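Inside the fold
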Amino acid sequence: MKIKYESKEKQLRYDRAYLKMAREWAQLSHCKRKQVGALIVKNSMIISDGYNGTPTGFDNCCENENEETLWYVLHAEANAIMKVAKSTNNSDGATLYITLSPCKECSKLVLQSGIKRVVYMKAYKDNSGLDFLSKAGIDIVQIENLDE
């Protein structure tokens with residue numbers, strides 16, 4: 001029994017460390033309203049990263065003059081998943097670390113990419129993405145306090 005406890009504690013330490021890295025990655029975003037960072041980890045290796053922002057070749061401004069997010073801004077997890085798609089890696093069985101839980105649109109990408117676990121800090125305003133992932137059998141963990 002003690003081994004399981006140590007394993008859970010070790011996993012929690014790694015989860016917090018990866019979330020801290022995702023939080024740092026979020027700071028690369030040019031979005032004013034919300035900065036979100038994501039890492040995809042497989043077999044103890046970071047295989048992808050992403051933050052919310054505009055597509056390659058577009059101006060980095062994410063909001064219009066009314067402070068509304070532009071429709072074509074990509075979410076952090078979508079950017080990270082697309083990076084995997086362009087690489088020689090795949091995300092089957094991986095863990096997504098993200099500073100804000102996935103929206104319903106991104107949750108479909110998470111499921112289809114083969115990610116089996118999502119660890120996040122803050123909840124998105126709409127829980128339908130998390131509900132969808134949970135129903136699909138994805139392991140979901142929220143860690144709000146990274147310093148415990």
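An account of the accompanying structure is given in this report. Along each chain, residue indices are assigned from 1 in the same order as the chain's sequence is written. In view of the model being predicted, local features appear only for residues whose pLDDT reaches at least 70, and side-chain atom pairs are presented and counted only at 80 or more, with totals across whole chains, interfaces and linings using the full set of residues. Calculation of side-chain values draws on the structure's entire complement of heavy atoms; hydrogens and water are dropped beforehand.

Notes on the pairing of strand E5 (residues 139-142)
Definition in use: What makes two strands pair is DSSP finding at least two bridges between them. Counting from the N terminus, the helices are DSSP H or I runs at least four residues long and the strands are E runs at least two residues long. Think of it like this: strands point away, you trace from the first strand over the helix to the second, and a clockwise trace means the crossover is right-handed.
With four bridges joining them, strand E4 (residues 117-122) and E5 adopt parallel strand pairing. When the bridges of E5 are listed, Val118 appears paired with Ile140. Read as a crossover between parallel neighbours, the route from E4 over helix H4 (residues 128-135) to E5 is right-handed.

Side note on the sheet that holds strand E2 (residues 45-51)
Short version of the rule: Where helices are involved, their axes are fitted lines through C-alpha atoms of the stretch in contact, as for all axes, and angles between N-to-C directions lie from 0 to 180°.
Sheet architecture is open: five strands sit in the order E2-E1-E3-E4-E5, paired in mixed fashion. The outermost strands of the open sheet, each flanked by one partner alone, are E2 and E5. For this sheet, the mean angle separating the axes of adjacent strands, direction not counted, is 15 degrees.

What to know about the environment of Leu111
Here is the rule we go by: By the convention used here, residues are in contact when the closest approach between their heavy atoms is within 4.5 Å.
Relative to the helices and strands, Leu111 resides in helix H3 (residues 104-112). Along the backbone, Leu111 and Asp92 are 19 residues apart, and their C-alpha atoms lie at a distance of 9.7 Å. Leu111 has contacts with Phe132, Leu133, Ala136 and Ile138, leaving out every residue within four places of it along the chain.

Quick word on the side chain of Thr54
Counted only if it meets this: Each residue's exposure class comes from its accessible area (1.4 Å probe, protein chains only) as a fraction of the maximum for that residue type: buried when under 20%, exposed when over 50%, partly exposed otherwise. Here a polar contact is taken to be a pair of N or O atoms separated by no more than 3.5 Å, where protein atoms must pair a possible hydrogen donor with a possible acceptor and residues adjacent in sequence count only if both atoms sit in side chains.
Within the element layout of this structure, Thr54 appears in the loop between E2 and helix H2 (76-85). For Thr54, a relative accessible area of 13% puts it in the buried group. A distance of 2.9 Å separates a polar side-chain atom of Thr54 from the backbone oxygen of Asp59. With residues up to four places along the chain from it excluded, the contact list for Thr54 reads Asp59, Asn60, Cys61, Cys62, Tyr72 and Val73.

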